Amino acid sequence: MTEPMYPPGRVPQASELASILLDKAERDVVFTLRIRGDSLDLLSRYFQGFIERSLGSNGVDYGDHPLLRLFVESHGRELTEFVVNGLALSHQIDLKAFERFGGDSTHLLRADIWDSLRSYVESAEQHFMSGLGGLHDILAEVAALRPDAAGGGDG
């Protein structure tokens, strides 16, 4: 059983809690980088195109499997989330550093973000090409459903 956070009958009011949290801000508050808007859409469309090209280079198109479009869209979103979450985790700025930002430090941050973006996109691509539930699995499923495959189709 866990110990209560506050003594019995001594739960702080909202304003007191806000003050307690702000006292811990230098240790516990971080600002994270988040991709959104057109950039998020561009990243998602990039991964969908990447998956389509990967399937196409293996002779697979949308007519080969009834759920292929859903596969491409869901895996595109999954790879996009991998990149977005990786950036958020690797680019956390604590309160003191955020308050110090100024001058040319944003240019340095842009270079760091660019490098991280490239790295996470490449990692997502490699994971899709070799990982469970990725390209290998869908190619095997499509091959099994093709009419000329043993046990596949209506014959």
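Quick caveat, the model's predicted, so the values are computed rather than measured.

Quick look at the overall build of the chain now. The secondary structure content of the chain amounts to 7 helices and 2 strands. In the chain, the succession of α and β elements from N to C terminus is α-α-β-α-α-β-α-α-α. Every one of the 155 residues in the chain was classed for burial, and the buried ones make up 26%. Restricting the contact set of the chain to residue pairs at least 6 apart, pairs at least 24 apart contribute 76%. Entry remark: accessible area of the chain is about 11,100 Å², with carbon and sulfur atoms responsible for 56%.

Ranked by internal contacts, the top residues of the largest apolar core, which has 20 residues, are Ile51 and Leu55. Where this core is concerned, the elements lending two or more residues are helix H3 (37-56), helix H4 (68-90), helix H6 (105-130) and helix H7 (135-145). Broken down by element, this core gets its largest block of residues, 7 residues, from H4. Setting aside residues no more than four positions away along its own chain, Ile51 makes contact with Phe71, Val72, His75, Gly76, Leu79 and Phe128.

Moving on: the packing of aromatic side chains. Under the defined criterion, the tally for this structure stands at 4 aromatic pairs. For the ring pair Tyr46 and Phe47, a centre distance of 5.3 Å and an interplane angle of 70° mean the geometry is edge-to-face. Here Phe71 and Phe128 contribute two aromatic rings whose centre-to-centre distance is 6.2 Å and whose plane-to-plane angle is 50°, an arrangement assigned as tilted. With a gap of 57 residues between them, Phe71 in helix H4 and Phe128 in helix H6 connect regions that are remote in the sequence. Take Phe71 and Phe128: they sit in the same class, and that class is buried. Members of the aromatic cluster, each reached through a chain of ring pairs, are Phe50, Phe71 and Phe128. A cation over a ring is seen here: Arg53 above Tyr46, with NZ or CZ 6.0 Å from the ring centre. When the ring centre of Tyr62 is taken as origin, the NZ or CZ atom of Arg69, which lies over that ring, is 3.8 Å away.

What follows concerns the pattern of salt bridges. Scanning the entire structure with this criterion turns up 4 salt bridges. Notably, a salt bridge pairs Arg45 with Asp41, separated by 2.9 Å at the nearest N-O pair. Here the residue Arg45 and the residue Asp41 both occupy positions in helix H3, the gap between them amounting to 4 residues, near one helical turn. The exposure class assigned to Arg45 is partly exposed, which follows from its relative accessible area of 49%. Given a relative accessible area of 40%, Asp41 falls into the partly exposed group. A salt bridge links Glu122 to Arg118; the shortest N-O distance between them is 3.2 Å.

In this section: H3. Here H3 is 20 residues long and its end C-alpha atoms lie 29 Å apart, about the 28 Å a rise of 1.5 Å per residue gives. For H3, the full list of buried residues reads Leu43, Ser44, Phe47, Gly49, Phe50, Ile51, Ser54 and Leu55.

Moving on, we get to the side chain of Ser116. Relative to the helices and strands, Ser116 is located in helix H6. At 2.8 Å, the side chain of Ser116 and the side chain of His91 are in polar contact. Apart from residues lying up to four places away in sequence, Ser116 is in contact with Leu87, Ser90 and His91.

Analysis parameters
Residues numbered from 1 in each chain as written. Predicted model: local features only at pLDDT ≥ 70, side-chain atom pairs only at ≥ 80, totals over all residues. Heavy atoms only, no water. Helix = DSSP H or I, 4+ residues; strand = E, 2+ residues; numbered from the N terminus. Buried < 20%, exposed > 50% of the residue type's maximum accessible area, 1.4 Å probe, protein only. Contact = heavy atoms within 4.5 Å. Areas by Shrake-Rupley, 256 points an atom, 1.4 Å probe, with all protein chains shown as cover. Core = buried A, V, L, I, M, F, W, Y, C linked by side-chain atoms within 4.5 Å. Phe/Tyr/Trp six-rings, centres within 6.5 Å; stacked < 30°, edge-to-face > 60°. Lys NZ or Arg CZ within 6 Å of the ring centre and 35° of its normal. Salt bridge = Lys/Arg side-chain N within 4 Å of Asp/Glu carboxyl O. Expected span 1.5 Å × (residues − 1). Polar contact = N/O pair within 3.5 Å; in protein donor to acceptor, adjacent residues only side chain to side chain.

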